[in-house]
Amino acid sequence: MQPPPSARASTRGKKGRPSYARAPSSQSLPAQNGSTPGDASVGQNSPPTSDKQRGRGQQNGHTADAMLPSSAPAAGPVQAVSKANAAAAARRKSNVVTEIERLQKNREERRARQAELLQQKVDTGDVNNPNWAFMQMIREFRSNLEYNPLTLSDPIEDHQISVCVRKRPLNKRELSKKDVDVITAPNKDHVILHEPKTKVDLTKYLENQNFRFDYSFDDHSTNEIVYRYTAKPLINTIFDGGMATCFAYGQTGSGKTHTMGGDFSGKTQDCAKGVYALAAKDVFKLLSAKYKKMDLHVGASFFEIYSGKVFDLLNNKTKLRVLEDGKQTVQVVGLQEVNVHNVDDVLKLIAHGNNVRTSGQTSANQHSSRSHAVFQIILRKKNKKLHGKFSLIDLAGNERGADTSSSNRQTRMEGAEINKSLLALKECIRALGRKGAHLPFRASKLTQVLRDSFIGDNTRTCMIAMISPGLSSCEHTLNTLRYANRVKELGPGGSVEGKVAIREEDNFSPTGALSPQSSDLALLCTQNEEEVSAELYTFHEAVSHLQEIEEEVVDEHRNLIAASRHWLEDDEQLISLTDEVDYDVEAYAQQLQDLCKGKMVALQKFEARLASFRTQLTEEEAMSKNIKRSYK
């Protein structure tokens, strides 16, 4: 019996080849009458097959049952391609999902870190600190350091030149602004500055700069500890007939006046705890015991150097003149020296001098010391001959040296003088440590006044560099550390102390004839080319020349006033002649004419000097503008 036409059509494919219906899967047809899914798929839905068709299948070597497995459908070429496409799609989907999962994992880790950092900020109370990241880096760096700070039991080393650094604590203003402490003093001779930096991609990092000095004092050191290792070893020098000098250098507000003058309680200063008073106390102690037989007398002087001029702080700020005598000894003419008999006398002088000292406002501090204050303890013999001298100097704030580009002339003059004096001081101290080096003391008024402290074999110097620990003062602090480092250079090359000098002035040949002051200034700028540009040197030279002319103008003005008094007396005598009945008119006219000529000559000469002074002022103004343009 033949199958119906529809059945025959379904069993034939194209070109007359037999095709077989796909068996449904075991999942699509449930098992019936107790048969297995495989039996159901074959027995119920398969079309009837004729003997002829079964014979043709057997001739091909297989049966229809063999071509329809009981557990899976037949896998034709189209179905294989479909499976391959499905697998590729699955792989593509898998890659996307993997990337999404990776991003999600990173995001979760980042949020976890942020939550951890936020919790750390909450724990440390620094939630709103914008510099918290730098603070954490510094804390992590410090956690790996071994601390061995300077103590009273450490030995005192003997140096002709001693350079020390003192770090002060963060003050109330810095703490209220949540400023970060960027200074670490891990041991007695090292200081580390953690300079915050930011990369182009805004990544924050620290640049840790190491410095080595003779001593380093952390923010827990007292004035007594600082004095023990700085000024105290110099006391015996003045009793041995030598000269000792102790400088306090640094930014305004870094603790110079606190160290030299004493502790502050509000605006009240306890002068008994400063280096001035501690040194005076040891002087009187040694004078009454160890050196009692020498019968020495103690005197004190206190003066300031402001904008190249010297003023006596113990004598109504009288202006003083600094001159060299025929023996090339520098004399401060008119400086008042007060005899002192105990520490209380010294404290009274210090308090009086500090009250009248010149101060002003800068970008770094509202009460900046605009002058160098020099307090001297002087030992003299019975015949008033100098035996020894201890000079204690509280230098002007070093940030004033950057004010040379100010629009105000007075501020420019102050900044130029401070800048020049600090450079000259550095080179004079270096020359003290290098045998045979030229001493450029004429380059500034400060070094000119202290010339006797830099010459001779029995001279000793100590510099205390004061530094502020706050991040806001990082630039000034770095400048202070670099300056102190240049003074002695305790780096890999060793100290300058005791080395034979390379006489740079022998290779320096300025054009034209220069005065000793100008020659020292030129040499000073040559030795500091990295710090002093050509424009700045020209400006320093102009300011020095301007100060010289100013002194000449003031001196001539004083002479003119004195001459005017004589002219007035001559005028009164001449006018009294006219009261006589028979006075000599010819003689009167001649004397009056001579007197007028003398006045005119003196006034014309003074006018020419004044015009030259005005020209120098104009040139200084123009040079200052060039400096401002070069800094922009």
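Fair warning: this is a prediction, and the values are worked out from it, not measured in the lab.

Thresholds applied
- Counting from 1, residues in each chain are numbered in the order their sequence is written.
- Local features are withheld for residues below a pLDDT of 70 in this predicted model, meaning they are given only at 70 or higher, and side-chain atom pairs are given and counted only at 80 or more; totals for whole chains, interfaces and linings count all residues.
- Only hydrogens and water are removed before side-chain values are computed, so all heavy atoms of the structure are retained for them.
- Confidence scores labelled pLDDT are given residue by residue by the predictor and lie between 0 and 100.
- By definition in these notes, contact holds between two residues if any of their heavy atoms fall within 4.5 Å.
- Residue types Ala, Val, Leu, Ile, Met, Phe, Trp, Tyr and Cys, when buried and joined through side-chain atoms within 4.5 Å, form a set referred to as a nonpolar core.
- When accessible area is computed with a 1.4 Å probe and restricted to protein chains, residues below 20% of their type maximum are described as buried, those above 50% as exposed, and intermediate ones as partly exposed.
- The helix and strand labels rest on DSSP assignments: H or I over at least four residues marks a helix, E over at least two residues marks a strand, and numbering proceeds from the N terminus.
- Patch building starts from residues that exceed 30% relative accessible area and form no salt bridge, then joins like charges within 9 Å and nonpolar side chains (Val, Leu, Ile, Met, Phe, Trp, Tyr) within 5 Å.
- Computed by Shrake-Rupley with a 1.4 Å probe, the accessible areas treat only the displayed protein chains as cover when residues are assessed.
- For this document, the term salt bridge refers to a Lys or Arg side-chain nitrogen within 4 Å of an Asp or Glu carboxyl oxygen.
- In this charge count, Lys and Arg are treated as positive and Asp and Glu as negative; neither His nor the chain ends contribute.
- Charge coordinates come from a single atom per side chain, which is NZ of Lys, CZ of Arg, CG of Asp or CD of Glu.
- Cavities and pockets are defined on a 1 Å grid built over the protein atoms alone: a cavity is a set of grid points where a 1.4 Å probe fits but cannot escape, while a pocket is an open set with protein on both sides within 12 Å along at least five of seven lines, and lining residues are those with an atom within 4 Å of any such point.
- Grid points are joined across faces, edges and corners, and a volume is the space filled by probe spheres set on the points.
- By the convention adopted, Pro, Cys, Tyr, Trp, Phe, Met, Ile, Leu, Val and Ala count as nonpolar, Lys, Arg, Asp and Glu as charged, and the other residues, Gly among them, as polar.
- For two strands to be treated as a pair, DSSP must find at least two bridges joining them.
- Axis geometry follows a simple rule: fit a line to the C-alpha atoms, using only the stretch in contact for helices, then measure angles between N-to-C directions, giving values from 0 to 180 degrees.

1. Some remarks on the confidence of the model for the chain
Next up, step 1: Counting all residues, the mean pLDDT for the chain is 77, and 71% of those residues have values of 70 or more.
Next up, step 2: Within the model, pLDDT remains below 50 along residues 1-72, and this stretch shows 40 contacts once partners closer than five positions in the same chain are excluded.
Next up, step 3: Taken together, the stretch residues 498-514 has pLDDT below 50 and engages in 26 contacts with residues farther than four places along the chain or on a different chain.

2. Some thoughts on the nonpolar core
Side chains of nonpolar character tend, in soluble globular proteins, to be buried together.
Next up, step 1: Ranked by size, the top nonpolar core spans 50 residues in total, and within it Phe247 and Leu425 carry the most contacts.
Next up, step 2: Considering each element in turn, this core owes the most residues, 7 residues, to helix α13 (residues 409-433).
Next up, step 3: Grouped together as the second largest cluster of nonpolar side chains are 48 residues, Ala231, Cys246, Ala279 and Phe284 included.

3. A few points about a positive patch on the surface
Next up, step 1: There is a patch of like positive charges on the surface, built from Arg107, Arg110, Arg111 and Arg113.
Next up, step 2: Positionally, Arg110 belongs in helix α5 (residues 77-124).

4. A few points about empty space enclosed by the protein
Using a probe with the size of a water molecule, rolled over the atoms, empty space left in the structure can be pinpointed.
Next up, step 1: Under the definition given, this model contains 6 cavities of 30 Å³ or more.
Next up, step 2: If you add up the space inside the largest cavity, you get close to 60 Å³.
Next up, step 3: The class makeup of the residues in the lining of the largest cavity is 5 nonpolar, 3 polar and 2 charged.

5. Things to note about the sheet that holds strand β2 (residues 183-187)
Next up, step 1: Spatially, 3 strands are ordered β2-β3-β4 in an open sheet, and the strand pairing comes out antiparallel. What marks the edges here is a single partner per strand, and that holds for β2 and β4 (204-212). With strand direction ignored, the average angle separating the axes of adjacent strands in the sheet is 25 degrees.
Next up, step 2: Both strand β3 (residues 190-198) and β4 contribute to a ladder of 9 bridges, which runs antiparallel. Counted as the bridge partner of Thr198 is Lys204 from β4.
Next up, step 3: Packing against the sheet, helix α6 (residues 132-142) makes contact with β2, β3 and β4, and its axis sits at approximately 45 degrees to β4.
Next up, step 4: The strands touched by helix α15 (residues 474-488) within the sheet are β2, β3 and β4, with β3 carrying the most contacts at an inclination of about 140 degrees.

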